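Summary of structural features
Each chain, letter by letter, is given below.
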Amino acid sequence: MSDRLEQQLNELKNKPQAGAVDSAWLSKNKALLMMQVKNTMPAPAVEPVKQLAGTVESYKQRWFAPQNRGFAFAMRPVMVVALAIIIPFGSWISTVSAARLSVPGEALYGVKIITEKVQITLAPSPSSKISLHTEFAARRADEVVKLKAKPAATAEAEEEIQDFIKETIERLKVEITAVNSELTEMSESEGAEDVREAARTVDVKTEEIGRVLKNSDVLAIDNPEIEGVKELVDEASVNAVEIIVKTVSTEEIVEGEEVIIEEGVEAINEEIKSSLEDKLKAAASEIDDVVLALEAASNTNTPRAVAALEDFALVQEQIDEALAVVKEAGESVDSESFEEAIEKVKEATAAVNDAENEVAKIQEATQQTVEVEVVLEEEVDTEAENTTTTEKIIEEEGTEVTETTEEAEEVVENTETVPEAE
Amino acid sequence: MKGNNKQLVLKLQFNNDPEAFSELYDRLAQPIYRFIYFKVGSKADAQDLTSEVFLKAWAAIRERKDGVLNFRAFVYRIARNIVVDFYRKKRDITSIDTIEDDRFVTGSNIEKIANNQELTVVLKAVRSLKDEYRELIIFRYLDEMSYKEIAEIVNKSHVAVRVTMHRAVKTLKKHLGHDVPKQP
């Protein structure tokens, strides 16, 4: 191959069209991947187990050697007590691992919640506490999805599931609030690198939770609480990015003219940019959903829907406002004015959430109207049926009356004829 | 983290060191993404499949009791299989001509590429090669792999790879309009 062609092929690898990778995606994907790797990492237990086995063996030899029979006899009650402690404790461990998959309403769910509380209490650092809270928040979101998918045979069971969903959403709110406050607290006391790492985890995980909640119910007619918690999750996600931005600016101030950030300011800026772009994409997709829902509601020909034209206009205004803010935020992201962009993203998210809530209300009102109409139609049908039955009865009765009259006339005729015969 | 890929895999497998996996990801994510991107032609699909490759690699390493001798070849083999599965599921193979122009790429970067007409022509020529040839060109000239390593990935002999590579280069030159001397 000619050197020129070889050189050109080599140059190709840095060209985006030839598959040069987007570095922001690369680091984001790495964070997600590492989270999964760490979650599935087996405990590094090879050496301690060997040590423990060795220790047990040496004690066994010392205590139960033939010359120490008396000691062994004396130790028997102690061993029984020890086993009485070990056996329940061992079963506790297996119960805890089984409880991980449980959902509210199941016997082991209480164990799961207690274990999580213990984990939080024992967390060695603020960053591991944050990581645990985000992990538990993700678990709560999964539980909401599982509960929603649970079939209910009776109305009572359905009601019970709804209660569990509400309870789980409350727990999710608690976790997210904890994530937010712990991260803010950490950003004030810990080093920038650690804070950034924790904020990254929160950003990635909250986006995932947001997606799970969105998939669980687009506009949450059955569970309006989901909307509330989704707002909190969005807030936590934006807060995480805001904290990343702050760590960069703080380091710039601390270091004065020369910026010394190990990861490189450019890479972090790219990461912030990509994260904000993702948030804007999510907001745009939610706006699309609201538009679709609004169209669907306006196509329903009910008198109430027509009367609610003002509500429609309000949502339309909110959509327009959200779109305008998303556009402005996009421009701020492009120009790397991140603080401004974050404010805009917050504004856009709030506008989208308002529009979603309004559409949810309209949908609910429309649905109620449709239900009322169905009931009314049924009533009209019943009335119509009743009318037909009455007419039939009247018709039938009419026939009888006619027949009776004819008979009576005959009798009268006969009576009239009899004296004549006499 | 220092050490070659083999040492990192050993650290990962026997010391459960997540940092080793992180380092392996840093070394290989970019070439694996590029390799997949050339095959599927879409940025979004390439990103999804790249994530899948590393998750599968992680799962495979955890399950394997024997060490992975050549991690790079191992990950590329996973990538090849994943791309095959991807097309099997899709059953609608993207034609080389329809490779999407990502909106992300159409910014300032693409303008730079447009200025460099020659590179664009080379890129088009590489894309127009059949899959077997394109794969070898990427391995050899973009990822700078040895014939031995390529042979390990594509599961062919060293000689067979050399012969195919020769044909691939010849075809590429033909597509570029370079003079190719006729074989006697």
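Please read all numbers here as calculations on a predicted model, not as lab measurements. (Residues numbered from 1 in each chain as written. Chains lettered and ligands numbered in written order. Predicted model: local features only at pLDDT ≥ 70, side-chain atom pairs only at ≥ 80, totals over all residues.)

A word on the packing of helix α10 (residues 265-298) of chain A against helix α12 (residues 309-334) of chain A. Think of two packed helices as two axes; the pair is described by the angle between the axes and how far apart they sit. Residues and elements named next belong to chain A. Viewed as axis vectors pointing N to C, α10 and α12 meet at an angle of 165°, and their least axial separation amounts to 10 Å. Classified by the angle between their axes, α10 and α12 sit roughly antiparallel to one another. Read as a crossing pair, α10 and α12 show a hand that is left-handed. Residues Lys273, Leu276, Glu277, Leu280, Ala283, Ala284, Ile287, Val290, Val291, Leu294 and Ser298 of α10 form the contact with α12, whose own contacting residues are Phe312, Val315, Ile319, Ala322, Leu323, Val326, Ala329, Gly330 and Val333. (Axes fitted to C-alpha atoms, helices over the stretch in contact; angles between N-to-C directions. Helix = DSSP H or I, 4+ residues; strand = E, 2+ residues; numbered from the N terminus. Parallel < 35°, antiparallel > 145°, perpendicular 65-115°, else oblique. Left-handed = near helix turned anticlockwise from the far one by under 90°. Contact = placed C-beta atoms within 7 Å.)

Quick look at the interface of chain B and chain A now. Taken together, the contact pairs 31 residues of chain B with 28 residues of chain A. Secondary structure elements with two or more residues in the side of chain B that touches chain A: α2 (18-40), α3 (43-63), α5 (108-115), α6 (117-128) and α7 (131-142) of chain B. Considering every element that reaches the side of chain B that touches chain A, the biggest residue donor is α2 of chain B, with 10 residues. Residue composition of the side of chain B that touches chain A, by class: 22 nonpolar, seven polar and two charged. (Nonpolar A, V, L, I, M, F, W, Y, C, P; charged D, E, K, R; others polar.)

With that settled, the discussion passes to unusual backbone geometry. Here the phi dihedral of Glu336 of chain A falls at roughly 60°; this positive angle occurs in a residue that is not glycine. Along the chain, Glu336 of chain A turns up in the loop between α12 and α13 (338-421). For Glu336 of chain A, a count of 12 C-beta atoms within 10 Å translates into the label exposed. The phi dihedral of Asn155 of chain B falls on the positive side, at around 60°, and the residue is not glycine. (Buried ≥ 20, exposed ≤ 12 C-beta atoms within 10 Å, placed from the backbone.)

The next subject is the confidence of the model for chain B. All names here are of chain B. When pLDDT is averaged along chain B, the result is 77, and 78% of the positions lie at 70 or above. α5 is the least confidently modelled element of chain B, averaging 47 in pLDDT, while helix α9 (residues 158-176) averages 89, the highest of any element. A low-confidence stretch, residues 93-111 (pLDDT under 50), is modelled with 19 contacts involving residues beyond four sequence positions or located in other chains. (pLDDT = per-residue confidence, 0-100.)

Right, let's get into helix α1 (residues 5-15) of chain B. Residue and element names in this part refer to chain B. Among the residues making up α1, those that are buried are Asn5, Leu8, Val9 and Leu12. One face of α1 carries all of its buried residues, which in axial projection span an arc of 100°. Opposite its buried face, α1 presents the exposed residues Gln7, Phe14 and Asn15, each directed more than 90 degrees away. Turning to α1, the residues buried within the fold contact α2, α3 and α4 (71-90). Phi turns positive one or two residues past the end of α1, at Asn16, with a value near 50°. (Arc of directions from axis to C-beta.)

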